[in-house]
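Structure assessment
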Amino acid sequence: MPNESVKIPQATAKRLPLYYRFLKNLHASGKQRVSSAELSEAVKVDSATIRRDFSYFGALGKKGYGYNVNYLLGFFRKTLDQDEVTKVALIGVGNLGTAFLNYNFLKNNNTKIEVAFDVSDKVGTKIGKVPVYHMDDLEQLIEENDIQVVILTVPASVAQTITDRINKGKVKGILNFTPARLSVPSHIRVHHIDLAVELQSLVYFLKHYPSKDQ
Ligand code: ATP
């Protein structure tokens, strides 16, 4: 197993959960090895990229044998902290927020939404078994529940103010579903998912780069 301090390039790191999910399914179906071509077909990443990615994990595929599924799973579990649950808070229990609370993330990986926050009449209820608290208690409950990641599904107009409140605690990451571009201190990482932009970009690609089969 490679040294844990080995730095994996960010683009590779982003593909880890994808590989991990596929390998777990392979393992569950009793497969012991997999070729980069099979992996490539399943996760839609070209096989040269897969071979390069896997070389960072110390997994060197053998010609005619492929990769050892157990070895890779062990590596991913360790690297993705699968033995440890990352505690998540969700802020903004609107349509999108409610959908996330009802979706059980724990099924696929070890992240769990422990608490949710809002300012509306949803405060005091439970959605998908997650209690919804008032924003007045944000800092205290983030601290008490050891929250490391926050999902933001509030209106864009309040996103930065809320982010400034989170910044002071132990939170290390924000998954931002609002269109607002957030300013954060260097110890916090923001991943921004703007569904409207993604959809628009897909439509643009469909129009301007149509598939060759069409
Ligand atoms: P969505 O955009 O998730 O589909 P929506 O259209 O139902 O939601 P929004 O107006 O976007 O509603 O608000 C999302 C949620 O954020 C609502 O439940 C709202 O009560 C909540 N919210 C609004 N302001 C704040 C705030 N300052 N702090 C926390 N939650 C807030």
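Throughout what follows, the structure given in this document is the object of discussion. These numbers were taken from a predicted model, which means no experiment stands behind them.

1. A closer look at the overall build of the protein chain
The helix and strand inventory of the protein chain stands at eight helices and nine strands. Expressed as a percentage of the 214 residues in the protein chain, the buried residues total 34%. Of the contacts made within the protein chain by residues no fewer than 6 positions apart, 55% connect residues no fewer than 24 positions apart. Roughly 13100 Å² of accessible area belongs to the protein chain as shown, and the carbon and sulfur atoms make up 53% of that amount.

2. What about the site of the ligand?
Lining the immediate environment of the ligand, one finds 15 residues, of which Val93, Gly94, Asn95, Leu96 and Asp118 sit closest. Within the contact set of the ligand, an oxygen atom lies 3.3 Å away from a backbone nitrogen or oxygen of Val93. One nitrogen or oxygen atom from the main chain of Gly94 is found 3.3 Å from an oxygen atom belonging to the ligand. Surface burial for the ligand is 65%, taken as the share of its 620 Å² of free accessible area covered by protein chains. Sorting the residues of the shell around the ligand by element identifies α5 (95-102) and α7 (156-166) as the ones contributing at least two each. In terms of residue count, α5 provides more of the shell around the ligand than any other element does, three residues in total. Looking at the shell around the ligand residue by residue, the class counts come to eight nonpolar, six polar and one charged.

3. A look at helix α3 (residues 47-56)
Considered for burial, the residues of α3 that qualify are Thr49, Ile50, Asp53 and Phe54. Buried residues along α3 cover an arc of 130° about the axis, so they all sit on one side. Immediately downstream of α3, the backbone of Gly58 shows phi near 80°, a positive value.

4. Looking at the sheet that holds strand β4 (residues 111-118)
Where strands meet in a sheet, backbone hydrogen bonds hold them as pairs that are either parallel or antiparallel. What the seven strands build is an open sheet, ordered β5-β6-β4-β3-β7-β8-β9; its pairing is mixed. If you trace the sheet from one side to the other, it starts and ends with β5 (126-127) and β9 (189-192), each paired once. Here strand β3 (residues 86-91) runs beside β4; their pairing, made up of six bridges, is parallel. Its bridge partner being in β4, Ile91 is matched across the sheet by Phe117. Across the sheet, α7 touches β3, β7 (149-152) and β8 (173-176), and the angle it forms with β7 is around 170°.

5. Remarks on the nonpolar core
Counting residues in each nonpolar core, the largest one holds 20 residues, and the members touching the most others are Ile91, Phe117, Val150, Leu152 and Ile162. Not counting the four nearest positions on each side in its chain, Val150 is found in contact with Ala89, Ile91, Ile142, Ile166, Val171, Gly173, Ile174 and Leu175. Ile8, Val43, Val45 and Ile50 belong to the second-largest nonpolar core, a separate cluster that totals 19 residues.

6. A few points about the pattern of salt bridges
Where charged atoms from two side chains of opposite charge come close, those side chains can pair. Applying the stated rule across the entire model yields seven salt bridges. Between Asp53 and Arg15 there is a salt bridge whose closest N-O contact spans 2.7 Å. Taken together, the residues Asp53 in helix α3 and Arg15 in helix α1 (residues 10-28) connect sequence positions 38 residues apart. Assigned by exposure class, Asp53 and Arg15 land together as buried. One salt bridge connects Asp146 with Lys170, and the closest N-O pair in it is separated by 3.2 Å. On the criterion of sequence distance, the pair formed by Asp146 in the loop between α6 (138-144) and β7 and Lys170 in the loop between α7 and β8 is long-range, its members being 24 residues apart. Judged by relative accessible area, Asp146 falls into the partly exposed class, the value being 40%. Through salt bridges that share partners, Glu143, Asp146 and Lys170 make up one connected network.

7. Quick notes on α1
Taking 1.5 Å of rise per residue, 19 residues should cover 27 Å, and α1 covers 28 Å from first to last C-alpha, within 8% of that figure. The largest bend along α1 reaches roughly 30° and is located at Leu16, with the proline Pro17 sitting one to four residues downstream. Those residues of α1 lying buried are Thr12, Arg15, Leu16, Tyr19, Tyr20, Leu23 and Leu26. The secondary structure elements touched by the buried residues of α1 are β1 (33-34), α2 (36-43), α3 and α4 (69-79). Backbone geometry just after α1 places Gly30 at a positive phi near 90°.

Definitions and cut-offs
Residues numbered from 1 in each chain as written. Predicted model: local features only at pLDDT ≥ 70, side-chain atom pairs only at ≥ 80, totals over all residues. Heavy atoms only, no water. Helix = DSSP H or I, 4+ residues; strand = E, 2+ residues; numbered from the N terminus. Buried < 20%, exposed > 50% of the residue type's maximum accessible area, 1.4 Å probe, protein only. Contact = heavy atoms within 4.5 Å. Areas by Shrake-Rupley, 256 points an atom, 1.4 Å probe, with all protein chains shown as cover. Near = heavy atom within 4 Å. Polar contact = N/O pair within 3.5 Å; in protein donor to acceptor, adjacent residues only side chain to side chain. Nonpolar A, V, L, I, M, F, W, Y, C, P; charged D, E, K, R; others polar. Arc of directions from axis to C-beta. Pairing = 2+ DSSP bridges. Axes fitted to C-alpha atoms, helices over the stretch in contact; angles between N-to-C directions. Core = buried A, V, L, I, M, F, W, Y, C linked by side-chain atoms within 4.5 Å. Salt bridge = Lys/Arg side-chain N within 4 Å of Asp/Glu carboxyl O. Expected span 1.5 Å × (residues − 1). Bend = angle between axes of the 7 residues up to and from the residue.

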